[in-house]
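Fold and contact review
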Amino acid sequence: MIDAVTKPKTKVKTKTKRPRLHKVILVNDDYTPREFVVTVLKAEFRMTEDQAHKVMITAHRRGVCVVAVFTKDVAETKATRATDAGRAKGYPLLFTTEPEE
Ligand code: TYC
């Protein structure tokens, strides 16, 4: 056949990149009561008493603790809501976010 159609030699691959996840980080301070930190972790991050206590005590001892990872939007919303819960009670409780490597 003289006019056979030549197939393209390059293949098109569809690559769906997963969005980079962001860490929510709990920051220690000297004023927020331990039990209040635990309550916020349970309410905002759906942790059990045990999980929340471990995260709180790690931040208390080491200065910071990664709470969980989410997509950027969810991480920022949860960090803001959890920080606002402390502010509403007059506590300096702080949650920050940063992208995962
Ligand atoms: N350091 C606080 C206290 O001794 C408790 C605390 C723990 C506060 C973790 C913030 O991220 C925090 N009352």
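Higher on the page you've got the structure.
These figures come from a predicted structure and were not determined experimentally.

On to the overall build of the protein chain, then. Each helix and strand counted, the protein chain has 3 helices and 3 strands in total. N-terminal to C-terminal, the α/β element order of the protein chain is β-α-α-β-α-β. Projecting the C-alpha coordinates of the protein chain onto the three principal axes gives extents of approximately 85 × 25 × 20 Å. Counting all 101 residues of the protein chain, 30% fall into the buried class. Restricting to contacts in the protein chain with at least 6 residues of sequence separation, those with at least 24 account for 71%. Carbon together with sulfur atoms contributes 53% to the accessible area of the protein chain, which is approximately 7,900 Å² in total. Averaging the positions of the 20 positive and the 13 negative side-chain charges in the protein chain gives two centres separated by 9 Å.

Even without being glycine, Arg-46 reaches a positive phi, approximately 50 degrees. Mapped onto the fold, Arg-46 is located in the loop between α1 (34–45) and α2 (49–62). Given the relative accessible area of 76%, Arg-46 is considered exposed.

Attention now goes to α1. Taking 1.5 Å per residue as the helical rise, α1 with its 12 residues ought to reach 16 Å, and the 16 Å between its terminal C-alpha atoms agrees with that figure. When we look at burial in α1, the residues that qualify are Phe-36, Val-37, Val-38, Val-40, Leu-41, Glu-44 and Phe-45. Against the buried residues of α1 lie β1 (22–27), α2, β2 (64–70), α3 (72–88) and β3 (94–99). Taken from the residues just after α1, Arg-46 is the one with a positive phi, measuring 50 degrees.

Neighbouring the ligand are Leu-26, Val-27, Asn-28, Asp-29, Thr-32, Arg-34, Val-37, Met-56, Ala-59 and His-60. Thr-32 is positioned with one of its backbone polar atoms (N or O) 2.9 Å from a nitrogen atom of the ligand. Contact with the protein chains removes 88% of the 350 Å² of surface that the ligand exposes when unbound. The dominant element in the shell around the ligand, judged by the number of residues it contributes, is α2, at 3 residues.

Each value, and the rule that gives it
- Residues numbered from 1 in each chain as written.
- Predicted model: local features only at pLDDT ≥ 70, side-chain atom pairs only at ≥ 80, totals over all residues.
- Heavy atoms only, no water.
- Helix = DSSP H or I, 4+ residues; strand = E, 2+ residues; numbered from the N terminus.
- Buried < 20%, exposed > 50% of the residue type's maximum accessible area, 1.4 Å probe, protein only.
- Contact = heavy atoms within 4.5 Å.
- Areas by Shrake-Rupley, 256 points an atom, 1.4 Å probe, with all protein chains shown as cover.
- Lys, Arg positive; Asp, Glu negative; His and termini not counted.
- Charge placed at Lys NZ, Arg CZ, Asp CG, Glu CD.
- Expected span 1.5 Å × (residues − 1).
- Near = heavy atom within 4 Å.
- Polar contact = N/O pair within 3.5 Å; in protein donor to acceptor, adjacent residues only side chain to side chain.

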